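# Working through the structure, step by step
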Amino acid sequence: VEKAKFLYSAGFFLTVSPESMLTVAKHAAETGKYYMINLAAPFICQFFKDPLLKLFPYVDFIFGNESEARTFAQVQGWETEDTKVIAVKTAALPKASGTHK
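Fair warning: this is a prediction, and the values are worked out from it, not measured in the lab. (Residues numbered from 1 in each chain as written. Predicted model: local features only at pLDDT ≥ 70, side-chain atom pairs only at ≥ 80, totals over all residues. Heavy atoms only, no water.)

## Section: the pairing of strand β2 (residues 34-38)
- Burial analysis of β2 places four of its five residues in the buried class, which makes it a mostly covered element.
- Alignment of strand β1 (residues 6-9) against β2, held across four bridges, turns out to be parallel. Within β2, the position partnered with tyrosine 8 by the bridge is methionine 36.
- Between the parallel pair β1 and β2, the chain is carried across by helix α1 (residues 18-31), and the sense of this crossover is right-handed. (Buried < 20%, exposed > 50% of the residue type's maximum accessible area, 1.4 Å probe, protein only. Helix = DSSP H or I, 4+ residues; strand = E, 2+ residues; numbered from the N terminus. Pairing = 2+ DSSP bridges. Right-handed = clockwise from strand over helix to strand, strands pointing away.)

The structure is reproduced here in structure tokens:
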């Protein structure tokens, strides 16, 4: 973790240790590294909403397929299934460390 410039976690890890993911994500933000996650499955967006949202301010890249994105939007109450709109709204969520250039 110390030597890495890019850190990636599967969203499924939220089911096991959201605290570990948050620790690594905060480390990435504090040291100028990139942190990436994938949404993994629609149920992660539904049943692990709170730990996922705690993680998002520290995430630089989010990967997800259309069904995961639509489920995330539905859980957020965004009332859209347009994946382009969902991507823009997700990118506009607050960041803890600003943005990378």
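Back to the text.
## As for unusual backbone geometry
- Positive phi is not limited to glycine here, since alanine 40 has a value of about 75°.
- A residue is classified by how much of its surface remains accessible, and alanine 40, at 18% relative accessible area, is buried.
- Positive phi values are uncommon outside glycine, yet glutamate 79 reaches one of about 50°.
- Within the secondary structure, glutamate 79 sits in the loop between α4 (66-76) and α5 (83-91).
- Glutamate 79 gets classed as exposed once you look at its relative accessible area, which sits at 80%.

## Quick look at the nonpolar core
- Core analysis: the largest hydrophobic core is formed by 22 residues, its most contacted members being Tyr35, Ile37, Leu52, Leu55, Phe56 and Phe72.
- Contributing elements (two or more residues each) for this core: α1, β2, α2 (42-47), α3 (49-55) and α4.
- Discounting chain neighbours no more than four positions away, the residues touching tyrosine 35 are Leu7, Ser9, Met21, Val24, Ala25, Ala28, Leu55, Tyr58, Val59, Asp60 and Phe61. (Core = buried A, V, L, I, M, F, W, Y, C linked by side-chain atoms within 4.5 Å. Contact = heavy atoms within 4.5 Å.)

## Describing the UniProt feature "domain: Carbohydrate kinase PfkB" (unreviewed entry) in the protein
- Under the local residue numbering, the UniProt record ascribes the feature "domain: Carbohydrate kinase PfkB" (unreviewed entry) to residues 1-88.
- End-to-end, the C-alpha atoms of residues 1-88 are 29 Å apart, and along that stretch the chain is 50% helix and 14% strand. (UniProt positions renumbered as here; feature names shortened; annotations may be inferred.)

## Regarding a nonpolar patch on the surface
- A surface patch of nonpolar side chains, about 310 Å² in accessible area, is lined by Tyr8, Phe61 and Phe63.
- Relative to the elements of secondary structure, phenylalanine 63 occurs in strand β3 (residues 61-63). (Patch = residues over 30% accessible without salt bridge, like charges linked within 9 Å, V, L, I, M, F, W, Y side chains within 5 Å. Areas by Shrake-Rupley, 256 points an atom, 1.4 Å probe, with all protein chains shown as cover. Salt bridge = Lys/Arg side-chain N within 4 Å of Asp/Glu carboxyl O.)

## Concerning the sheet that holds β2
- Spatial strand order, β1-β2-β3: three strands in an open sheet with parallel pairing. One side of each edge strand has no neighbouring strand; the edge strands of this open sheet are β1 and β3. Averaged over neighbouring strand pairs, the angle between their axes works out to 15° when direction is ignored.
- For β2 and β3, the ladder comprises three bridges, and the chain directions are parallel. The residue bridging isoleucine 37 from the neighbouring strand is isoleucine 62, located in β3.
- Its contacts with the sheet place α1 against β1 and β2, and it is angled at close to 145° to β2. (Axes fitted to C-alpha atoms, helices over the stretch in contact; angles between N-to-C directions.)

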